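Survey of secondary and tertiary structure
Given next are the chains, with one letter for each unit.
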Amino acid sequence: MDARLQSWILDDWNLYFNTMFKISNSLLRRYRYFVLIGILFNYACDHDDRSAADLVVQNGNVWTGDDKHPRASAFAVRNGVFVAIGNEKDMLKWKGERTEVIDAKGKLITPGFIDCHVHFITGGLNLASVQLRDADTPYRFIERIKRFAKNTRQGNWITGGEWEHQSWGGELPKKEWIDSVTRDNPVFVRRLDGHMGLANSTALQLAGIDENTLPVVGGEIVKNAKGQPSGILKDNAMNLVLDVIPPPTKSQLQHALNASMEYVLKNGVTSVHHVAGSEPEGIVEAFDDARKKNTLKTRIYVLMPLKDWKFMVSKMGHDGKGDEWLKYGGVKGFVDGSLGSHTAAFENPYTDKPTDKGIFINDKDSLVSWIKSADRAGLQVAVHAIGDAAIHFLLNTYEMIQEENGSRGQRFRIEHAQHIAPRDIERFARLNVIPSMQPYHAIDDGRWAETVIGPERIKTTYAFRSLFEAKVRVAFGSDWYVAPPNPIEGIYAAVTRRTLDNKNPDGWVPEQKISVEQALKAYTVNAAFASFDENVKGSIAKGKLADFVILDQNLFEVSPDSIRYIRVLETFVGGRMVYSGGLLD
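Residues numbered from 1 in each chain as written. Predicted model: local features only at pLDDT ≥ 70, side-chain atom pairs only at ≥ 80, totals over all residues. Heavy atoms only, no water.

Per the secondary structure count, the protein chain includes 19 helices and 24 strands. Taken over the C-alpha trace, the protein chain has a radius of gyration of 31 Å; the compact-globule value for 585 residues is 25 Å, which it surpasses by more than 25%. Principal-axis analysis of the C-alpha atoms gives the protein chain an extent of 150 × 55 × 50 Å. The buried share of the protein chain, reckoned over its 585 residues, is 53%. When contacts within the protein chain are restricted to residue pairs at least 6 apart in sequence, those whose partners lie at least 24 apart make up 73%. In the form shown here, the protein chain has an accessible surface area of approximately 26,300 Å², with 51% of it arising from carbon and sulfur atoms. Computed over 71 positive and 73 negative side-chain charges, the inter-centroid distance for the protein chain is 2 Å. (Helix = DSSP H or I, 4+ residues; strand = E, 2+ residues; numbered from the N terminus. Rg over C-alpha atoms; globule rule 2.2 N^0.38 Å. Buried < 20%, exposed > 50% of the residue type's maximum accessible area, 1.4 Å probe, protein only. Contact = heavy atoms within 4.5 Å. Areas by Shrake-Rupley, 256 points an atom, 1.4 Å probe, with all protein chains shown as cover. Lys, Arg positive; Asp, Glu negative; His and termini not counted. Charge placed at Lys NZ, Arg CZ, Asp CG, Glu CD.)

Okay, structure coming up:
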């Protein structure tokens with residue numbers, strides 16, 4: 001072969017080889033590039049799935065309860081807590097393939113409501129009992145019990161009731177009203193405040209109550225003109241009958257707990273403070289059992305009886321304080337009774353009964369000893385006090401114990417704090433005492449309270465505004481079963497103070513009205529503070545439990561008298577929908 005030709009062939013071959021080598025290298029680099037891009041893309045997708053929110057709510061009108069960021073239109077939830085609050089643009093990075101997105105359609109969204117005072121399982125039990133709250137005549141009172149008795153097995157107790165004698169003019173019911181219609185059943189039905197009840201003759205006999213029964217300290221067996229028991233028992237005297245009523249079974253308690261949770265969730269209540277009263281045995285076990293079975297839908301803070309503070313200390317030492325679903329840590333006691341039963345303790349006599357100042361249910365020395373010991377043991381103390389004398393005594397006790405045990409941010413609570421002497425209002429702020437109040441009681445009692453305590457004392461009755469102006473952390477609740485566990489009705493009551501009989505269109509003691517925002521804070525931010533939970537719930541803020549409600553109307557925009565007609569559309573606990581009215585679709 002010609003040398004020159006051979007050289008050309010070799011040169012062309014080298015050129016071809018080098019060209020193909022370069023092309024191969026280029027393709028390999030490009031392939032590696034695309035492989036790398038693919039790997040990064042897949043990683044990003046996987047990473048997005050891991051960091052994306054479980055739920056994004058957008059197009060809402062969000063009242064957060066957070067003073068630093070009071071308003072928003074959207075938020076994201078992951079693993080049961082809020083991870084971002086802002087607007088729709090802020091939520092884009094939180095959306096993944098598996099993220100549920102809810103369009104709130106401009107509806108008002110608030111933190112889940114916290115009810116600071118309920119008798120939770122008793123409320124559930126009473127849902128299945130005779131209903132007397134709206135019986136507005138003695139005839140209807142008797143007929144309701146008669147109809148209920150016809151469908152009750154012979155020998156079974158008839159309880160519940162929640163009657164209001166002021167609805168028919170103030171005459172107290174008597175055993176003779178119902179004896180003829182309840183021959184086969186013992187009956188003990190309570191007044192709606194829980195501090196007075198009516199027993200029929202069968203119940204009195206089972207309890208061993210007759211004309212010779214000795215008086216009860218901290219209570220009263222009301223007798224007729226002949227010295228015979230009338231059937232009415234007040235405060236501690238009720239225990240004579242309550243002690244002979246068979247306790248509910250474990251199954252009945254669990255059913256009542258489930259009924260209670262469903263009932264409050266439809267009203268937007270995501271957390272409750274269960275405060276001990278005269279509840280049946282087995283409640284603690286029912287709470288613990290539900291937590292173990294993971295069936296709780298409502299978060300529960302349990303306050304046990306004050307006199308049993310050692311039991312609470314022992315339980316917490318053995319089981320701990322609990323978690324975000326079920327928490328222990330407080331005790332609750334009583335100083336006095338109620339206004340409607342004339343057992344609230346006042347410094348001056350009742351206007352309609354000049355010889356009566358009410359009663360102290362518990363001995364003062366015992367109360368001081370229990371409170372001091374419970375506080376020293378690190379428990380939160382909450383005590384029922386309604387009359388001005390009871391409240392004054394309790395404030396004095398708290399102040400003395402802070403001096404002796406040391407002020408450690410105890411967050412003492414006064415449950416109800418209904419009739420405060422003017423001189424004591426500023427003491428709530430100075431002593432950092434939380435008034436745990438129930439605004440619905442104001443529009444209920446306001447129908448008749450002035451006839452009972454006069455025009456002067458009502459000026460600081462349910463003194464919401466005076467307390468807020470004094471920079472007191474007011475917390476709200478319902479006192480259910482005594483009153484409906486509906487925060488919307490409570491907000492309406494606090495903002496309007498229109499009594500249930502519509503006879504006070506401008507408000508009963510209107511000087512004590514508060515704003516919608518103040519009322520909302522009392523049911524959310526302040527309520528969380530009242531159980532040492534302000535860092536985990538009570539507002540829509542990053543890192544807090546994703547408990548919230550969506551309302552069908554805007555609390556801030558409707559007229560005050562229309563607030564009571566607002567309904568909860570959806571309730572979420574831990575980012576999971578637990579109630580839906582089916583109206584947002």
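Membership of the largest hydrophobic core comes to 107 residues, with the highest contact counts inside it found for F120, F287, I414, F428, F476 and L555. In terms of residues, this core owes the most to one element, helix α12 (residues 388-405), which gives eight residues. Those residues in contact with F287 that lie beyond four places of it in its chain are F120, I121, L257, H274, I300, V302, L326 and Y328. Formed by 17 residues, the second largest nonpolar core is a distinct cluster that contains A149, I158, W168 and V187. (Core = buried A, V, L, I, M, F, W, Y, C linked by side-chain atoms within 4.5 Å.)

If you walk through the whole model with that rule in mind, you get 29 salt bridges. R408 is the salt-bridge partner of D375, the closest N and O atoms lying 3.4 Å from each other. A residue pair is termed long-range when its members are at least 10 positions apart, and D375 in helix α11 (residues 364-376) and R408 in the loop between α12 and β19 (413-416) qualify at 33 residues. Salt-bridge contacts for E534 lead to R411; the nearest nitrogen and oxygen are separated by 2.9 Å. Of this pair, E534 sits in the loop between α19 (525-529) and β22 (548-551) while R411 is found in the loop between α12 and β19, placing the two residues 123 residues apart along the sequence. For E534, a relative accessible area of 23% translates into the label partly exposed. What you see here is one network of salt bridges that share partners, running through E164, R191, D193, D444 and R447. (Salt bridge = Lys/Arg side-chain N within 4 Å of Asp/Glu carboxyl O.)

The subject of this paragraph is helix α18 (residues 516-523). Looking at α18, one finds that the buried residues are V516, A519, L520, A522 and Y523. Within α18, the buried residues cover an arc of 160° as seen down the axis, which keeps them to one side. (Arc of directions from axis to C-beta.)

We now examine helix α15 (residues 449-457). Within α15, burial applies to A449, V452, I453, G454 and R457. Looking at the buried side of α15, the elements it contacts are α12 and α14 (439-445).

Running from N to C, helix α8 (residues 250-265) and helix α9 (residues 283-292) point in directions that differ by 65°, and their axes come no closer than 10 Å. At the point where α8 passes α9, the crossing takes the right-handed sense. Contacts between α8 and α9 involve K250, L253, Q254 and L257 on the former and, on the latter, I283, A286, F287, D289 and A290. Residues that form the contact of α8 with α9 fall into these classes: six nonpolar, one polar and two charged. (Axes fitted to C-alpha atoms, helices over the stretch in contact; angles between N-to-C directions. Left-handed = near helix turned anticlockwise from the far one by under 90°. Nonpolar A, V, L, I, M, F, W, Y, C, P; charged D, E, K, R; others polar.)

On to the sheet that holds strand β21 (residues 475-476), then. One open sheet holds the eight strands; their spatial order is β8-β15-β16-β17-β18-β19-β20-β21, and the pairing between them is parallel. Two strands in the sheet have a free side with no partner beyond their single neighbour: β8 (113-118) and β21. The pairing of strand β18 (residues 380-385) with β19 spans four bridges and is classified as parallel. When the bridges of β19 are listed, A385 appears paired with H416. Those strands touched by α9 are β15 (269-275), β16 (299-305) and β17 (326-334), and its axis lies near 165° from that of β17. (Pairing = 2+ DSSP bridges.)

Moving on to unusual backbone geometry. Here the residue pair W480 and Y481 is connected by a cis peptide bond, since its omega of 25° sits within 30 degrees of zero. If you trace the backbone, Y481 turns up in the loop between β21 and α17 (487-496). Positive phi is not limited to glycine here, since K105 has a value of about 55°. Inspection of the secondary structure puts K105 in the loop between β6 (100-103) and β7 (108-111).

Ordered by their spatial adjacency, four strands build an open sheet running β5-β4-β1-β6, and the pairing between neighbours is mixed. Edge positions in the open sheet fall to β5 (81-86) and β6, since each of these has one partner strand only. The mean angle between the axes of side-by-side strands here comes to 15°, regardless of whether they run parallel or antiparallel. Bridge analysis of strand β4 (residues 74-78) against β5 gives five bridges, and the strand direction is antiparallel.

What follows covers the environment of R447. Structurally, the position occupied by R447 is in the loop between α14 and α15. A residue is classified by how much of its surface remains accessible, and R447, at 27% relative accessible area, is partly exposed. Through-space distance from the C-alpha of R447 to that of R497 is 11 Å; in sequence the pair is 50 residues apart. Not counting chain neighbours up to four residues away, the residues in contact with R447 comprise E164, S167, T499, L500 and D501. A polar atom in the side chain of R447 sits 2.5 Å from the side chain of D444. (Polar contact = N/O pair within 3.5 Å; in protein donor to acceptor, adjacent residues only side chain to side chain.)

The next point concerns the confidence of the model for the protein chain. Across the protein chain, the average pLDDT comes to 91, with 91% of residues at 70 or higher. For the stretch residues 1-17, pLDDT sits under 50, and the model shows two contacts to residues farther than four places along the chain or on other chains. Confidence drops under a pLDDT of 50 for residues 30-48, and excluding neighbours within four residues, the segment shows four contacts in the predicted structure. (pLDDT = per-residue confidence, 0-100.)

Another point: the packing of aromatic side chains. Applying the stated rule across the entire model yields 17 aromatic pairs. A ring pair is formed by Y462 and F464, whose centres lie 6.3 Å apart and whose planes are at 50°; its orientation type is tilted. Both residues of the pair, Y462 and F464, count as buried. Ring geometry for F476 versus Y523: centroids 5.4 Å apart, planes at 65°, classification edge-to-face. Residue F476 is found in strand β21, and its partner Y523 is found in helix α18; the two are separated by 47 residues along the sequence. Residue classification places F476 among the buried positions, given a relative accessible area of 0%. Directly above the aromatic system of F556 lies the positively charged group of R71, at a separation of 4.6 Å from the ring centroid. The side chain of K315 reaches across the aromatic face of Y328, ending 4.7 Å from its centre. (Phe/Tyr/Trp six-rings, centres within 6.5 Å; stacked < 30°, edge-to-face > 60°. Lys NZ or Arg CZ within 6 Å of the ring centre and 35° of its normal.)

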